[in-house]
Amino acid sequence: MRHLIPEFEAMKARYPEGFESSLVLPCLRRIQEDRGFVADEDIAGLCEYLGVPRGQVEEVLSYYTMLRREGVGKYHLQACRNIACSMRGAEGVIAHLCRRLGVEPGGTTADGRFTVTEVECLGSCGTAPVVMVNEAYHENMTAEKLDALVDELKAKG
Amino acid sequence: MPGRQLIMTFEVTPTSHTLAEYKARGGYETLAKALAMDPAAITKEVTASGLLGHGGAAFPVGRKWGVMKPNLGEIHYLCANADEGEPGTFKDRWILENAPHLLVESMMITSYALGVRHAFVYIRGEFDLPFRRIQGAIDEAYAAGLLGKPQAGGFTLDIVVYRGAGSYVCGEASGLITSIEGRKPYPRNRPPRLTVRGLFQKPTVINNVESLANITGIIRMGAEEFRKVGTAKSPGTQLVSISGHIAKPGVYEVEYGYPWAKFLDEDCGGMLNGAKMKCVVPGGISTKVLTRAEIEPLNLSHESVNPAGSGLGSGGMIVIAEGTCMVRLLQVLLRFYHHESCGQCTPCREGMGWMHKIIDRIVAGEGVPEDIERLYAISHANDGTTICGMGDAAGFATVGILNKFRDEFEFFIREKRSKCDGRLECLA
């Protein structure tokens, strides 16, 4: 994470004085974006940089669902299964996606390209069902649209 | 459109969210007006407007602000709650994506009124486009010298966008500030109120995005004009996000007092696939479901919906068709609550787990007749025994469904199958 410190410094400048502790989440998000997950050495480096206890960083890492200690596939497909999405066919869409990729929810394909995760409400209920591909929302999903999406991602490599 | 509009007043185009177009619509003119006013007069105007919070609890915004004592020299903070996570709710996203400068201008006026030097937008971690839009608007405001530099009279404001990382409880105001402090979002006991001791122990106002978005309009037109929209007890409008088995899901700005059935049948195009309506979740899953018959005489205002035993909550309306299995629907809800319980309070941490196990067992055909009473008992045990409202909310949702659709639960336990084929989708 040390190469990110100049970025962290720029981030810190936007906060009021004494807000070092607040930087735990944004720094972890940035580290994960950079490495794909948060490694042991990142935790140690962040504690030293921010002057916060290791317990605090571990607490944040283990609590928030978007933070990871291990990598995921190149394309992380997060499918919402909450009420509005399920009422619009999410269960079938997720089952189709898993069959198509040959994984169980939470699993990664053998080539390391796709990870499928089931998630709770993404705040996209009016365009349900929704699947997040890395950062981007794909809305009003159907089995056909998912097939096209997977084909497109496979072609990209 | 269902009544008059205060927020969705312009045509959305690929560039309508930019500073240039916001200014062309009269943007930041109200800020200039506000900066010429006495800060206390702004709070007075907001109080007089009767604006009710749009996050779910409908707490009067002016009363929250009234607790702040901006002149005592202490540091104050403002947080816009953009952690929109109540299932069925996606209206703040509309503001963040399409009217981000309305939020920025409103936050500037609010900060001036409350003596705030640093403000935050706490946005849920999954929101990508909404984040880019609000961050983009803030960057534009910095570049234009609106933020980070003294304005007329010396008022200066910095706004930081703080991104969450996946957690429902962060939408609870005290959980939100604990998250900004860089920790897991354990809610805090009140008193002290957050307006007395909030972020890093300093007085902090946390308002929902939609509540804040109304501030610019209130100061521009004045409280008296604002109150001409809506009803006497529910002034203004509410952004309703509607989803589920409805023909035209989406975000609608509804003037308070608008007939509910007309809204569903005409504005939202009626039911999906011509289905019959079974019931509606009025304002996010934590509000009790109402049947079509119960909705018929009601209008969309707090004074009409609250006596019916529910509430408009966050405006997240979910329409459910006849033929939908309410047992499986409750299973989805309880799985969610169990997943999101932060684990701080025993009744919620354990209770959510037990309820989730019980409903899973019923759906697996292994339920026993006592399970229904157990779900009631756990719901009641959560009521008022936890620090934040999540435990109560799960109980409300559960009791609401059990009271009205008990026969489906009894059928499922007795016959070991769903009375409605276990379906959540609406048949074509």
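Residues numbered from 1 in each chain as written. Chains lettered and ligands numbered in written order. Predicted model: local features only at pLDDT ≥ 70, side-chain atom pairs only at ≥ 80, totals over all residues.

(A) Quick look at the overall build of chain A. Broken down by element type, chain A carries 7 helices and 4 strands. Along chain A, helices (α) and strands (β) appear in the sequence α-α-α-α-β-α-α-β-β-β-α when read from the amino end. A burial count over chain A gives 33% of its 157 residues as buried. Taking contacts inside chain A between residues at least 6 apart in sequence as the whole, the part at least 24 apart equals 60%. (Helix = DSSP H or I, 4+ residues; strand = E, 2+ residues; numbered from the N terminus. Buried ≥ 20, exposed ≤ 12 C-beta atoms within 10 Å, placed from the backbone. Contact = placed C-beta atoms within 7 Å.)

(B) How the structure looks around the nonpolar core. With 153 residues, the main nonpolar core has Ala79 of chain A together with Cys79, Leu103, Val121, Tyr122, Val280 and Leu333 of chain B as its most contacted residues. The contacts of leucine 333 of chain B, once residues within four sequence positions are left out, are Ile83 of chain A together with Ile285 and Ala397 of chain B. Membership of the second largest hydrophobic core comes to 14 residues, among which are Met1, Leu25, Leu46 and Leu61 of chain A. (Core = buried A, V, L, I, M, F, W, Y, C linked by C-beta atoms within 7 Å.)

(C) Focus on helix α16 (residues 370-382) of chain B. All names here are of chain B. The terminal C-alpha atoms of α16 lie 19 Å apart, and with 13 residues this matches the ideal 18 Å at 1.5 Å per residue to within 8%. Where α16 is buried, its residues contact α15 (346-363) and α17 (390-415). Phi for glycine 384, located one or two positions after α16, is positive at around 80°. (Expected span 1.5 Å × (residues − 1).)

(D) Structural detail: the domain arrangement of chain B. Residue and element names in this part refer to chain B. Along its sequence, chain B is carved into domain 1 (19-226), domain 2 (237-321) and domain 3 (326-415). Put simply, the middle of domain 1 and the middle of domain 3, counted by C-alpha atoms, are 35 Å apart. At the interface, 11 residues of domain 1 touch 7 residues of domain 3. Residue composition of the side of domain 1 that touches domain 3, grouped by class: 6 nonpolar, 2 polar and 3 charged. (Domains from an automatic or database assignment. Nonpolar A, V, L, I, M, F, W, Y, C, P; charged D, E, K, R; others polar.)

(E) Inspection of the sheet that holds strand β1 (residues 75-80) of chain A at higher detail. Residues and elements named next belong to chain A. With mixed pairing, 4 strands are arranged side by side in an open sheet as β2-β1-β3-β4. Edge strands, defined here as strands with exactly one partner in the open sheet, are β2 (114-119) and β4 (136-138). Pairwise comparison of adjacent strand axes, ignoring direction, gives a mean angle of 25° for this sheet. Here strand β3 (residues 131-133) pairs with β4 via 3 bridges, running antiparallel. Paired with valine 133 across the strands is alanine 136, a residue of β4. Each of β1 and β2 is contacted by helix α6 (residues 90-101), which is oriented at about 155° to β1, the strand it contacts most. (Pairing = 2+ DSSP bridges. Axes fitted to C-alpha atoms, helices over the stretch in contact; angles between N-to-C directions.)

(F) Just the interface of chain B and chain A, in detail. Every contact between the two is made by 42 residues of chain B and, on the other side, 38 residues of chain A. Of all the elements in the fold, those that place two or more residues in the side of chain B that touches chain A are β3 (158-163), β5 (237-244), β6 (250-255) and α14 (326-340) of chain B. Among the elements that line the side of chain B that touches chain A, the one with the most residues is α14 of chain B, at 6 residues. A class-by-class count of the residues in the side of chain B that touches chain A yields 16 nonpolar, 14 polar and 12 charged.

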